[in-house]
Structure formats: C-alpha cells, structure tokens
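Notes for the structure review
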Amino acid sequence: MDGVLTPDPRRRFPGRGAWLHPDPECLHRAERRSAFPRALRVPGKLDTAEVRAHLHRAREGTSGVRDTPGSVIEESKVDPS
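Residues numbered from 1 in each chain as written. Predicted model: local features only at pLDDT ≥ 70, side-chain atom pairs only at ≥ 80, totals over all residues. Heavy atoms only, no water.

Soluble globular proteins tend to pack their nonpolar side chains together in the buried interior. Within the largest apolar cluster, 11 residues are counted, these being Leu-5, Ala-18, Leu-20, Cys-26, Leu-27, Ala-30, Phe-36, Leu-40, Leu-46, Val-51 and Leu-55. Only β2 (18-20), α1 (24-32), α2 (35-40) and α3 (49-60) provide two or more residues apiece to this core. (Core = buried A, V, L, I, M, F, W, Y, C linked by side-chain atoms within 4.5 Å. Buried < 20%, exposed > 50% of the residue type's maximum accessible area, 1.4 Å probe, protein only. Helix = DSSP H or I, 4+ residues; strand = E, 2+ residues; numbered from the N terminus.)

The end-to-end C-alpha distance of α3, which contains 12 residues, comes to 16 Å, matching closely the 16 Å that a straight helix rising 1.5 Å per residue would cover. Of the residues flanking the end of α3, it is Gly-61, one or two places downstream, whose phi is positive at about 80 degrees. (Expected span 1.5 Å × (residues − 1).)

Turning our attention to α1. Every buried residue of α1 is accounted for by Cys-26, Leu-27 and Ala-30. Take α1 and look down its axis: the buried residues cluster within an arc of 100 degrees, on one side only. Buried positions along α1 lie against β2, α2 and α3. For α1, the capping residue at the N-terminal end is Asp-23, with a side-chain oxygen 2.9 Å from the backbone nitrogen of Glu-25. (Arc of directions from axis to C-beta. Contact = heavy atoms within 4.5 Å. Polar contact = N/O pair within 3.5 Å; in protein donor to acceptor, adjacent residues only side chain to side chain.)

These results come straight from atomic positions and should not be treated as a statement about function.
Now the structure itself:
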C-alpha cells in the first residue's frame, strides 16, 4: 500500500529501505524530523503504524523473529510500499 512503512526484519523486500534502531524514541525522532520520506525519497508523510506495532511486539518478545545479530531486535529495515 502506498504511503505505509512496512517492517522488513528479514531484509527481503525489493527497493529502498531505511534503518531504524528498535527504540520507540528513535521512531518518534525520525517522524518528527521527516527522516523517512527523505531517506526513502518519497514525497509527503508516511504511515508508521505498522513499524510502531512491530517495535512494540519486538519489545514484548513476540516479533516472531529470532534474536540474532542483525535481527529486528538490533535494527530493522522498513519499506515504504
């Protein structure tokens, strides 16, 4: 869907991505600074609800992704599709 950031913890989606620390404060700061549209080279605001939910699940330990080096627990790539 256009204008929606989609978490890509396995780094398999085609196209551009943006890296984000698994910290809600980092997400808030990126939203405030309009970092995602700039990094992904797309106009306008992007919906970050899926990324926010993914971060929440990761913090609760229910992300479904193993905690390995480079996994979503350390950082996550998001896709603007």
